[in-house]
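Results of the structural survey
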Amino acid sequence: MTIRVPLIEQRDASYDILIKAGLVRQLDAILKEYCPAAAYAVISDSHVGKLYGEDIVQQLSAAGARAELLTFAAGEWNKTRETWAALSDRMLVAQLGRDSAVIALGGGVVNDVAGFVAATYLRGVPLVQVPTSLLAMIDSSIGGKTGVDVPAGKNLLGAFHQPRVVIADPDLLGSLASVQLAAGLAEAVKHGVIADAEYFAFLEAEYAAIFAKHAPALERLVRRSVEIKAAVVAQDEREQGRRAILNFGHTVGHAIEATSKYEVLHGEAVAIGMVYESRLAESIGIAGAGTAQRITRVLELLHLPTERPDASQVDDLIVAMRNDKKARGGEIRLAFPKSIGDPYGSDGAGWTVAVKEDAIRQVLVNT
Ligand SMILES: NC(=O)c1ccc[n+]([C@@H]2O[C@H](COP(=O)([O-])OP(=O)(O)OC[C@H]3O[C@@H](n4cnc5c(N)ncnc54)[C@H](O)[C@@H]3O)[C@@H](O)[C@H]2O)c1
Ligand SMILES: [Zn+2]
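Residues numbered from 1 in each chain as written. Chains lettered and ligands numbered in written order. Predicted model: local features only at pLDDT ≥ 70, side-chain atom pairs only at ≥ 80, totals over all residues. Heavy atoms only, no water.

Here the focus is the side chain of Ser225. Positionally, Ser225 belongs in helix α9 (residues 215-234). Look past the residues within four positions of Ser225 in its chain and what remains in contact with it is Ile138, Ala188, His191 and Tyr199. (Helix = DSSP H or I, 4+ residues; strand = E, 2+ residues; numbered from the N terminus. Contact = heavy atoms within 4.5 Å.)

Below, the discussion takes up the coordination of the zinc ion (ligand 2). The coordination sphere of the zinc ion (ligand 2), as far as protein atoms go, consists of Glu187 (OE), His250 (NE2) and His266 (NE2), spread over 2.0 to 2.1 Å. Considered as a linear motif, the donors of the zinc ion (ligand 2) on their single chain read E-x62-H-x15-H. Pair noted here: Glu187 is in helix α6 (residues 178-195) and His250 is in helix α10 (residues 250-259), with a separation of 63 residues, a long-range link. Across the pair, His250 and Glu187 agree in class, each one buried. (Donors = N, O, S within 2.8 Å, 3.2 Å for Na, K, Ca; no water. Buried < 20%, exposed > 50% of the residue type's maximum accessible area, 1.4 Å probe, protein only.)

With mixed pairing, the seven strands of this open sheet are ordered in space as β1-β2-β9-β6-β5-β3-β4. Two strands bound the open sheet, and with one partner strand each, they are β1 (2-5) and β4 (66-72). Across the sheet, the mean angle from the axis of one strand to that of its neighbour is 20°, orientation sign disregarded. This element, helix α2 (residues 46-62), spans β3 (39-45), β4 and β5 (100-106) of the sheet and lies at about 160° to β3. (Pairing = 2+ DSSP bridges. Axes fitted to C-alpha atoms, helices over the stretch in contact; angles between N-to-C directions.)

With seven of seven residues buried, β5 is to be regarded as a mostly interior element. Along β5, one buried face is formed by Ser100, Val102, Ala104 and Gly106 and the opposite face, lined by Ala101, Ile103 and Leu105, is buried too. Two strands pair when backbone bridges link them, and β3 and β5 are joined in this way by six bridges, in the parallel orientation. Each bridged residue has a counterpart across the sheet, and for Ile43 the counterpart in β5 is Ala104. Strand direction decides the pairing type here: β5 and strand β6 (residues 127-131), joined by five bridges, are parallel. Looking at β6, one finds that Ile103 is bridged to Val128. With respect to chirality, the unit in which β5 leads through helix α4 (residues 108-120) into the neighbouring parallel β6 is right-handed. (Right-handed = clockwise from strand over helix to strand, strands pointing away.)

Right under this line is the structure:
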């Protein structure tokens, strides 16, 4: 199936997300239609490059296209300026011109770095996203954000660069480790909470089939999550309004991620963040009673952590939240659900709520 991301501000940058098992085997035909180019730089990391990179380069070469596989060592700690520079230099050495395109083949790290290379190489060349982790399929490959981490923080340098097409092939998830699958599922739960109660109920009912990677369950999951994320970003490409609801779970989550020195995976941190933020939403009277409990239960079913790591000190978490871009004057802005499937702000009240640090501290200390 095809889901269109109809960007309103930049109509020409609207693009399709193709979702179907086996799509990667037709990559050459898809590229011919969506992103013809004189040459392709297939950028991947060391894990994914080994699993799928050579096959893809061979497939493209057999179809008469020039394709170069460029890989870098896997891991968030390689999402850096240095990796961006090394990849760009290798493309220059390979004499890839303005008529070439970048194919980002990998998880969110590859999405972000390869996307940033595409955004800047010779002032920008077309980008095709081939996400291979669940998180990348349902989250990072949609929305046009690219970038790298720097010592001062995550994702601080980057650019918006919309892909020509996103090719989501759930078959690629077959080789994904369970902890990585679970990490992606945290974002799926978030999509249910902020947009669709029925989808949330599907996750509650079908968690075992999802975890066993049954094809119909995975396809439905990818499709519905992509629809939800695409619909939100289409209305707010540059992140000024409604897109803030995608931050549910991420204010506390980012703080947990940062204070753990990134030992807790992003999705795991978001899972824990959703638990505390939904309790906070109940405590300040935004969410109905029982909301947090239902969220916690589905996260447990999906093998995700729901309590902050013991080592993390509440004060450190608060400092980390204060440093987040959303904090101002002793108050931190958060996105909340009113109930499962219904975000705060859906009645025109603005998409985030300013909460006093003390209220957040209370929830973190006492629950
Ligand atoms: N641009 C955005 O809008 C956006 C949104 C959310 C997250 N992100 C970024 O995404 C990153 C996290 O993404 P991630 O969780 O995919 O991490 P990741 O890219 O590091 O992938 C996780 C691990 O799984 C491996 N892997 C990926 N696909 C595989 C497959 N099919 N088979 C076997 N192994 C596979 C990778 O090599 C890596 O070791 C973070 O850097 C985050 O900042 C970006
Ligand atoms: Zn996230």
